[in-house]
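Remarks on the overall topology
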Amino acid sequence: SSGINAEIREAVVSTQSTGEALYHIKCKLFLKSADGWNEKGLGIANLKKCNDKVQLLIRNDTTIGTVILNTLLHDKMPISKSGKNGLLIVATTEDSKTETYLCRVNKDKVDEFYEKLEEYKKGVPSE
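Residues numbered from 1 in each chain as written. Predicted model: local features only at pLDDT ≥ 70, side-chain atom pairs only at ≥ 80, totals over all residues. Heavy atoms only, no water.

Some points on helix α2 (residues 110–121)
To be explicit about the condition: A run of DSSP states H or I qualifies as a helix once it reaches four residues; a run of E qualifies as a strand once it reaches two. Both are numbered from the N-terminal end. For a helix, the expected span equals 1.5 Å multiplied by the residue count minus one. We call a residue buried when its accessible area falls under 20% of the maximum for its residue type, exposed when it is over 50%, and partly exposed in between, using a 1.4 Å probe and counting protein chains only.
Look at α2: 16 Å from first C-alpha to last across 12 residues, which is about the 16 Å you get at 1.5 Å a residue. Residues V110, F113, L117, E118, Y120 and K121 constitute the buried set of α2.

Shown next, in the form of structure tokens:
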């Protein structure tokens, strides 16, 4: 069983690094609920290759690095700008619920982040 545990540890370590991310940016994530916006946390948004698609993975900026959003980008995914530094992202969560998230980034980077998301919705860029 030590082989499986080692593989799991390796997988966890590799998902935490931003090394192989196509793009990463510091952000603050909010989840829309019936009562308004609930803060999910401050963290790093990583765009990573996942087979032929791109995964948007946001982890809390803590030692544990809890995942606060993990979804695959797809070409029908609604993404829009909100205010001077926000992006609204409608994403399907791991438990197949559709949720609306607000991702706030540095206002100087919001256009760049938006363009990356739009580009990667179409799939992994060819090398």
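After that view of the structure, there is still more to cover.
Thoughts on the nonpolar core
Formally: The term nonpolar core refers to a set of buried residues drawn from Ala, Val, Leu, Ile, Met, Phe, Trp, Tyr and Cys, joined through side-chain atoms within 4.5 Å.
Core analysis: the biggest nonpolar cluster contains 25 residues, and L56, I58, I89, F113 and L117 have the highest contact counts within it. For this core, the elements supplying multiple residues, two or more each, are β1 (23–33), β2 (36–50), β3 (53–60), β4 (67–72), β6 (86–92), β7 (98–104) and α2. If you tally residues by element for this core, the top one is β1, at five residues.

Section: unusual backbone geometry
Even without a glycine there, the phi angle at N51 is positive, about 60°. Relative to the assigned elements, N51 resides in the loop between β2 and β3. Even without a glycine there, the phi angle at S96 is positive, about 65°.

Structural notes on the sheet that holds β4
This is how the line gets drawn: By this definition, two strands are paired if DSSP reports at least two bridges between them. Note on method: axes are straight lines fitted to C-alpha atoms, helices fitted across the in-contact stretch only, with angles between N-to-C directions ranging 0 to 180 degrees.
The seven strands lie next to each other as β4-β3-β2-β1-β7-β6-β5, forming an open sheet whose pairing is antiparallel. Two strands bound the open sheet, and with one partner strand each, they are β4 and β5 (79–82). Taken pair by pair, the neighbouring strands of this sheet meet at an average axis angle of 30°, ignoring direction. The pairing of β6 with β7 spans seven bridges and is antiparallel. Bridge assignment links V90 to a residue of β7, and that residue is T100.

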